[in-house]
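Descriptive structure summary
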Amino acid sequence: MHMRFFMREKKKAGGSPGNISWISVGLMRLKEGVLKTVRGTVLPLLMRPESDADELQRAAEQKMKTFERNVHGVPYVLLYPDGTKITNIPGTEVPFTLNEYKEVVGKAYQRITLYICTAEDFFTSSQETSSESNSSDSEVIIMSPTSAEFNAADTLVWEPAESGSDSAAPVLFSDSQEGPGTSGGVLETACYSKYTQLYAPIVIEDKDDSDSVECSIPEDTKVDQQSLSEITANLALEIDHRAVSRFNICRSNIWDGAVRGFKRATFSEKKDILVKFSDDEGRFEEGLDTGGPKREFLSLLMKELNKRPIFDGPVESRYLVYNSTAFREDEYYLAGKMIAVSIVHGGPGPNFLSEDLVNYISGQSSFKASVGDITDEEIGKVLQEIQNSPLVEILQDLMIRNSAMLQTAGCFRHVRSCEEKKMIVEDYLKWYIIHRNNTAIERFKAGLESLQFLTALQQHPTVLTPALYHADVKLSAAEMENRFQPEFSQQGSNRRAQEEKAMSYWADYLLDCEENDNSVTLEEVLMFATGVPCVPPAGMSPLPRLQFLCSMSTFPMANTCANILKLPLLDSYRAFKANTNFGINNSPGFGCL
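Residues numbered from 1 in each chain as written. Predicted model: local features only at pLDDT ≥ 70, side-chain atom pairs only at ≥ 80, totals over all residues. Heavy atoms only, no water.

**As for the overall build of the chain**
Within the chain, the secondary structure is distributed over 23 helices and 17 strands. Classification of the 593 residues of the chain by burial places 45% in the buried group. Taking the intrachain contacts of the chain between residues at least 6 apart in sequence as the baseline, contacts between residues at least 24 apart amount to 66%. Of the roughly 31400 Å² that the chain leaves accessible, carbon and sulfur atoms contribute 51%. (Helix = DSSP H or I, 4+ residues; strand = E, 2+ residues; numbered from the N terminus. Buried < 20%, exposed > 50% of the residue type's maximum accessible area, 1.4 Å probe, protein only. Contact = heavy atoms within 4.5 Å. Areas by Shrake-Rupley, 256 points an atom, 1.4 Å probe, with all protein chains shown as cover.)

Encoded structure:
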């Protein structure tokens, strides 16, 4: 098994996974003797509602160590927002659990923020607070009767406003007075309580403190600040890497093997995925899945999913369409689950769904469909005529001639101006793409709920939706060159000179791929080396590397489990390009060792 960049917190033995909820965790540090929150360190964290303080602290530390360079392996303390250590529910003797704390504070889980700080900072802060408390003890002042009479002259007379009676006796407040129910020489009366409420000090927080967290940031803004890899890593915390769901896949029929695996009674999206590919003769390839075969399988599965009859529309902008056979076989639910599993388990997103479909599923109102999205030629022709009609008389005639089609979508109406044609076309497109397929879409959404992906999609639409629909952004030669870090031999050696020459060949090879001056694309090169044709939402783990083969090996090799591409050391660029193309084009297993 190769090391994964995002570590998963181990679950307690015997504990049920239950529901998972979003909270936030941040850092506190000691500054000028006071624990203060550190700006920009608040991160999302998925936790079970029944998590106790110890479990939450371990998860928070692991999260911070993953994303904050300044968090090290020193002891930490879990804190409430006021800087007190979390042991019990505030004001009670009840041991802390996340769900109990939620009930007490009356907030949604997403609005709960807790903190960690180093044990050293916490105890230093506690000692300084204790010292300040001791130094501020009340002083005992002994006064002579004459002094007492002088101090009594500085007395405030309070007339209760609501007494409404002339007989109400005035209440005297004096530092020199003492009596039953007094505290520090001040009478504890209802009048004094009202006095302190009326003249309570106005506290203005220092907003220029660069080490404090900006608490006035809207919740939606804070949510969308999380990166795609961060959100995916949090969703992946639900995966138990100690258990696996097995998939036996033949590359000539990816879909069949995938359906068998996903419908197997022992399959669970919360288990890790183990893939074994067989060749056409049925022999198993050597080695078990440590990441590469899984990524390759999920990549090929997303490609096959695009071809299924549950989708319609352009190949790069597919929307769901109702198919009775597919509905009986629950293919819509299965497709949604496959997409959620692929993204959370480190594979690619589908990258072919219609942006309008994705916006609708994620709860956004944007709709940008055009007549070109309609594959039915007759319907497309009618909509095009309506859209291009120059006169209101022509538009009215088109509405009457196509009344049956328009009535089905609820778009038939009497038009009084030519400007109404745009709304008619838009209403029909929205019905054709979304509303008539609502049953299929709802079942698809049920599948997307796997691993809480749909919840995350609706909470972080601007971050997650690009992983689902097609983007015109393509890999570049410069990006590929920077992504693969070379492992050179010792400086000054003969082999180092050969490796540096191979690196110049590699850079030119990538440029040829980018400029379409090659039979191989950059996406195919990345697929050959890592098992995915694009950078997956979870990111690349481990980071891709370049190694160099001995002079006896003339074709490239790859270890997709470790994301390693091995280049041959050849004497000419022509031989390098030809051999690399041959190796990639003739490797059904994408070079997996």
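**Quick word on the pairing of strand β5 (residues 113-118)**
For β5, a buried count of six out of six residues is recorded, marking the element as mostly surrounded by other parts of the structure. Bridging between strand β1 (residues 21-31) and β5 involves four bridges; their strand directions are parallel. Across the sheet, the residue bridging to G26 is Y115, located in β5. Bridge count for strand β4 (residues 76-79) against β5 is four bridges, and the pairing is antiparallel. By the bridge assignment for β5, Y76 is matched with T118. (Pairing = 2+ DSSP bridges.)

**Here's the deal with the sheet that holds strand β17 (residues 564-567)**
Strands sit in the order β14-β15-β17-β16 across an open sheet of four strands; the sheet is mixed. Both outer strands of the open sheet, β14 (485-486) and β16 (557-559), are each paired with one neighbouring strand and no more. In this sheet, β17 lies alongside strand β15 (residues 545-548) in parallel orientation, the contact comprising four bridges. Within β17, the residue paired with Q547 across the bridge is K566. Sitting on the sheet, helix α21 (residues 494-514) is in contact with β14, β15 and β17, with an inclination near 130° to β15. Against the sheet, helix α22 (residues 522-530) engages β16 and β17, with an angle of about 60° to β16. (Axes fitted to C-alpha atoms, helices over the stretch in contact; angles between N-to-C directions.)

**What about the layout of surface pockets?**
One number sums up the size of the largest pocket: a volume of about 1600 Å³. Looking at the largest pocket, it is lined by 39 residues, and the ones nearest its centre are P350, N351, E523, P533 and C534. For the lining of the largest pocket, the secondary structure elements donating two or more residues are α9 (292-305), α22 and α23 (573-585). Here the lining of the largest pocket gets five residues from one element, more than from any other, and that element is α9. Grouping the constituent residues of the lining of the largest pocket by class yields 22 nonpolar, seven polar and ten charged. (1 Å grid on protein atoms, 1.4 Å probe; cavity = no way out; pocket = protein on both sides within 12 Å on 5 of 7 lines; lining within 4 Å. Points joined across faces, edges and corners; volume = space filled by probe spheres on them. Nonpolar A, V, L, I, M, F, W, Y, C, P; charged D, E, K, R; others polar.)

**Here's the deal with the nonpolar core**
Counting 82 residues, the largest nonpolar core has F297, M338, Y428 and F453 as its most contacted members. The biggest single contributor to this core is helix α11 (residues 331-344), with nine residues. Excluding residues that lie within four positions of it along the chain, F453 makes contacts with L235, A340, I343, V344, L448, L464 and L468. Judged by nonpolar contacts, the second largest core, of 28 residues, contains F484, A502, L522 and L567. (Core = buried A, V, L, I, M, F, W, Y, C linked by side-chain atoms within 4.5 Å.)

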